[in-house]
Amino acid sequence: MRTSLTVEEALATVLEHTRPLPDVEEVPLEAALGRVLARDLEALADHPDVDNTAVDGYAARAADTAGASPENPVRLRWIGESPAGRPFQGRLGPGEAVSVYTGASLPEGADAVVAVEDTERDGEYVLLYKPASPKDIRPKAQDLQQGRVYLKRGDRLTPGRVGLAAGMGHRTLPVVRRPRVGVLSTGDEVVEPGTPLPPGGVYNSNAYSVAALVREAGGEPVLLGKAGDRVEAVREQLAAAGDLDLVLTTGGVSMGDYDIVRHLLEREGKIHFWKILQRPGGPPIFAEFLGRPFFGLPGNPVSAMVTFFLYGRPMLFKMLGRSDPPYRRVRALAEDFFKGAGKKTAFRRAVLRYDPEAPGGHRAASVDSQSSGVLRSMAFGNALVVVPPHTHVEAGEVVEVIPFGEVV
C-alpha cells in the first residue's frame, strides 16, 4: 500500500485506475442538457439551405440600384413578396423588386437587398433611397454545411450546443451513460437532517454535499444511507448497494480504532493509496472493493468536499470521456495571508472575484475560518487558493487559485 502521496501523484494514480464508461444511450433534445456526447455529430443539412435575407426589405439587382440616395431615389417595379417559408415563385428581372422578410429565401435573379427603412412604397412601385447591397444576404451553408462535424465526442451539451444539435437536424443525441455513484456515510454520531439531534450527534451534511458534487460533475448519485461504526455494517450495506460505477464513503479513513472503512479495505480490498500530502483532506483512501473503484473521503465536511472536488471530479470526467478539464487554475492577487501546511500542499478556501486591474485578473480574499469542520466556508467561498509545500502566501502576492465555478 502506497502512503502519503503528493497531490500530483494521487491524481495520477486515481486517473490511472479509472476507465471511461462504454455505455451509450440516446436521449431526446429536451433531456440532453448537461450530458456528454458519445460520438461526433455532423450536420444533416445545410443551414441556411438557400441564400436568404438577414433583414426585412426588398430584394433587387445591385446594378439597378447603383447611385440611389434620398436626393435621387431609384424607382423599381414591385412584383411580389417572399416571406420566410414561402419563397417567391418566379424570377426577378431588370428594374424589379420583391419584398423579403428576415430569413426568407432570396428570389432567383436577385443579388442584393435593401432594408425597408431605406425605402418607400408607391403603389406598384418602390422607391430606394440607398443602393441594395449583398451584405445583408446570408449565403447558403453560412452556418452549417451538410456532412461536416460541429460537435465532437466528449463535448458537454450546453444550451447553445443543444440548440446547435437541433439546428443540425438531430432529434435524439447519443450520450454517455451517467456514472452511478454510491454515497455512504459512516459514524454512530451521524443522524439524518429533519430528526432530533441527540447529544454529541451531527447532521449528515456529507451525504448531500458530496451527492450534489457528484451530480454537478455529471454523475448520478445513489444515497446509500449511513453505516454505524462496525466493519460488518459497512460491508453489508456496500454488498447490497447494487450496480455502481464508483463508491464514495465519508469518514472512517484515518488512524483511529473506529476508522472502520480503512480496516475493511485493509482486510478485504485492494488499496492503491492511503493519505495525501494536502490540507484539508489528508487521510483519504483509494482502493477497489467488490470489483468497484472505491474512494474513502475524510469525515470532516470541508475535507470531504475538497477531496472529492480535486480527485473524484476528475474521475467522473474521465468516466464520461469529457473533453473539457475538470477544473481550471487562474492567477489572483491575495488580499489576505494564507497559511501553508509544512510539507503538505494547502488548499485554502477563498472568495475569488474578477478584477481586470489586479495581477492575474482576479483578487482572492480568505473566508472567515479555514477549519475543516466549518462547512459554511464552502457555502460562501468560491475557490481554493493553492499554497505550495513549505511556503506561506502573504497579502499582496500573486497566487494560483482553483475556482469552484464561474467567477463574478
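All values reported here derive from a predicted model rather than from experimental measurement.

A. Broad picture of the overall build of the protein. Tallying secondary structure elements over the protein gives eight helices and 27 strands in all. Taking 2.2 N^0.38 as the reference for a compact globule, 408 residues should give roughly 22 Å; the C-alpha atoms of the protein span a radius of gyration of 31 Å, well beyond that estimate. Across its three principal directions, the C-alpha atoms of the protein cover 95 × 50 × 40 Å. Looking at the protein as a whole, 49% of its 408 residues are labelled buried. Intrachain contacts of the protein at a sequence separation of at least 6 include 69% that bridge at least 24 residues. Roughly 19000 Å² of accessible area belongs to the protein as shown, and the carbon and sulfur atoms make up 51% of that amount. Positive and negative side-chain charges of the protein, numbering 47 and 52 respectively, have mean locations separated by a distance of 6 Å.

B. Structural context of the environment of Pro 28. Tracing the sequence through the fold places Pro 28 in strand β2 (residues 24–28). With a relative accessible area of 31%, Pro 28 lands in the partly exposed category. With 143 residues separating them in the primary sequence, Pro 28 and Arg 171 have C-alpha atoms 6.1 Å apart. In this view, Pro 28 contacts Arg 171 and Thr 172; residues no more than four positions away in its chain are not counted.

C. Main features of the packing of helix α4 (residues 205–216) against helix α7 (residues 301–320). Viewed as axis vectors pointing N to C, α4 and α7 meet at an angle of 25°, and their least axial separation amounts to 10 Å. Comparing the axis directions of α4 and α7 gives the class roughly parallel. For the element pair α4 and α7, the recorded crossing hand is right-handed. Here Ser 205, Asn 206, Ser 209, Val 210, Leu 213, Val 214 and Glu 216 of α4 lie close against α7, whose contacting residues are Pro 301, Ala 304, Met 305, Phe 308, Arg 313 and Leu 316. Of the residues in the contact of α4 with α7, the class split is eight nonpolar, three polar and two charged.

D. The arrangement of the nonpolar core in detail. Membership of the largest hydrophobic core comes to 40 residues, with the highest contact counts inside it found for Phe 295 and Leu 310. Within the residue set of this core, elements represented by two or more residues are α1 (7–16), β14 (180–186), α4, β18 (246–250), β19 (270–276), β22 (292–297), α7 and β26 (383–387). The leading source of residues in this core is α7, at 13 residues. If sequence neighbours within four positions are ignored, Phe 295 has contacts with Val 14, Leu 246, Val 247, Leu 248, Thr 249, Phe 273, Pro 284, Ile 285, Phe 286, Thr 307, Tyr 311 and Met 315.

E. Fine view of the pairing of strand β21 (residues 285–289). Most of β21 sits out of view: four of its five residues are buried. Inspection of the sheet shows β19 paired to β21 by four bridges, in the antiparallel sense. The residue bridging Phe 273 from the neighbouring strand is Phe 286, located in β21. Two strands pair when backbone bridges link them, and β21 and β22 are joined in this way by five bridges, in the antiparallel orientation. When the bridges of β22 are listed, Ala 287 appears paired with Phe 294.

F. Spatial organisation of the pairing of strand β7 (residues 96–100). Of all five residues in β7, five are buried; the element is thus mostly enclosed. On β7, burial covers both faces: Glu 96, Val 98 and Val 100 on one face and Ala 97 and Ser 99 on the other are all buried. Looking at chain direction, strand β5 (residues 57–60) and β7 are connected through three bridges and run antiparallel. In the sheet register, Gly 57 faces β7, and the bridge partner there is Val 100. Direction of pairing for strand β6 (residues 74–82) relative to β7: parallel, over a ladder of four bridges. Bridge pairing links Arg 77 to Glu 96 in β7.

G. Region of the structure containing the domain arrangement of the protein. We note that the domain assignment places domain 1 (2–23 + 177–320), domain 2 (25–47 + 142–176), domain 3 (52–138) and domain 4 (330–403) within the protein. Taking only C-alpha atoms, the centre of domain 1 and the centre of domain 2 are 34 Å apart. Each partner contributes to the interface: domain 1 provides six residues, whereas domain 2 provides five residues. Overall, the association of domain 1 and domain 2 removes approximately 510 Å² of surface from exposure, summing both partners, and the carbon and sulfur fraction of that is 53%. A per-residue breakdown of the area domain 1 buries against domain 2 is headed by Arg 177, Arg 178 and Leu 320, which together make up 79% of the total. Inspection of the region where domain 1 meets domain 2 yields zero salt bridges. Where domain 1 packs against domain 2, one counts one residue pair in polar contact (both at pLDDT 80 or more). Residues that form the side of domain 1 that touches domain 2 fall into these classes: three nonpolar, no polar and three charged.

H. Spotlight on the sheet that holds β22. Strand order in the open sheet formed by seven strands is β1-β19-β21-β22-β18-β14-β17, and the pairing between neighbours is mixed. Only two strands of the sheet have a single neighbouring strand rather than two, namely β1 (2–5) and β17 (220–227). Ignoring strand direction, the axes of neighbouring strands in this sheet form an average angle of 20°. Sheet topology places β1 next to β19; three bridges connect them, and they run parallel. Looking at β19, one finds that Leu 5 is bridged to Ile 276. Of the strands in this sheet, β14, β18, β19, β21 and β22 are in contact with helix α6 (residues 260–268), which crosses β21 at around 50°.

I. Representation of the packing of aromatic side chains in the model. As enumerated under the stated definition, the model contains seven aromatic pairs in all. Ring centres 5.5 Å apart and planes at 40° place the aromatic pair Phe 286 and Phe 295 in the tilted group. Here Phe 286 matches Phe 295 in class, with each residue buried. Ring geometry for Phe 295 versus Tyr 311: centroids 6.3 Å apart, planes at 20°, classification stacked. With Phe 295 in strand β22 and Tyr 311 in helix α7, the pair connects residues that are 16 residues apart, well separated along the chain. A single burial state applies to Phe 295 and to Tyr 311, both of which are buried. By the ring-pair criterion, three or more aromatic residues cluster together here, those being Phe 273, Phe 286, Phe 295 and Tyr 311. Above the face of the Tyr 125 ring, Arg 75 is positioned so that its terminal group lies 4.4 Å from the ring centre. The ring of Trp 78 has Arg 121 sitting right over it, with the charged end atom 4.3 Å from the ring centre.

What counts and how
Residues numbered from 1 in each chain as written. Predicted model: local features only at pLDDT ≥ 70, side-chain atom pairs only at ≥ 80, totals over all residues. Heavy atoms only, no water. Helix = DSSP H or I, 4+ residues; strand = E, 2+ residues; numbered from the N terminus. Rg over C-alpha atoms; globule rule 2.2 N^0.38 Å. Buried < 20%, exposed > 50% of the residue type's maximum accessible area, 1.4 Å probe, protein only. Contact = heavy atoms within 4.5 Å. Areas by Shrake-Rupley, 256 points an atom, 1.4 Å probe, with all protein chains shown as cover. Lys, Arg positive; Asp, Glu negative; His and termini not counted. Charge placed at Lys NZ, Arg CZ, Asp CG, Glu CD. Axes fitted to C-alpha atoms, helices over the stretch in contact; angles between N-to-C directions. Parallel < 35°, antiparallel > 145°, perpendicular 65-115°, else oblique. Left-handed = near helix turned anticlockwise from the far one by under 90°. Nonpolar A, V, L, I, M, F, W, Y, C, P; charged D, E, K, R; others polar. Core = buried A, V, L, I, M, F, W, Y, C linked by side-chain atoms within 4.5 Å. Pairing = 2+ DSSP bridges. Domains from an automatic or database assignment. Buried area = accessible area lost by both parts, 1.4 Å probe. Salt bridge = Lys/Arg side-chain N within 4 Å of Asp/Glu carboxyl O. Polar contact = N/O pair within 3.5 Å; in protein donor to acceptor, adjacent residues only side chain to side chain. Phe/Tyr/Trp six-rings, centres within 6.5 Å; stacked < 30°, edge-to-face > 60°. Lys NZ or Arg CZ within 6 Å of the ring centre and 35° of its normal.

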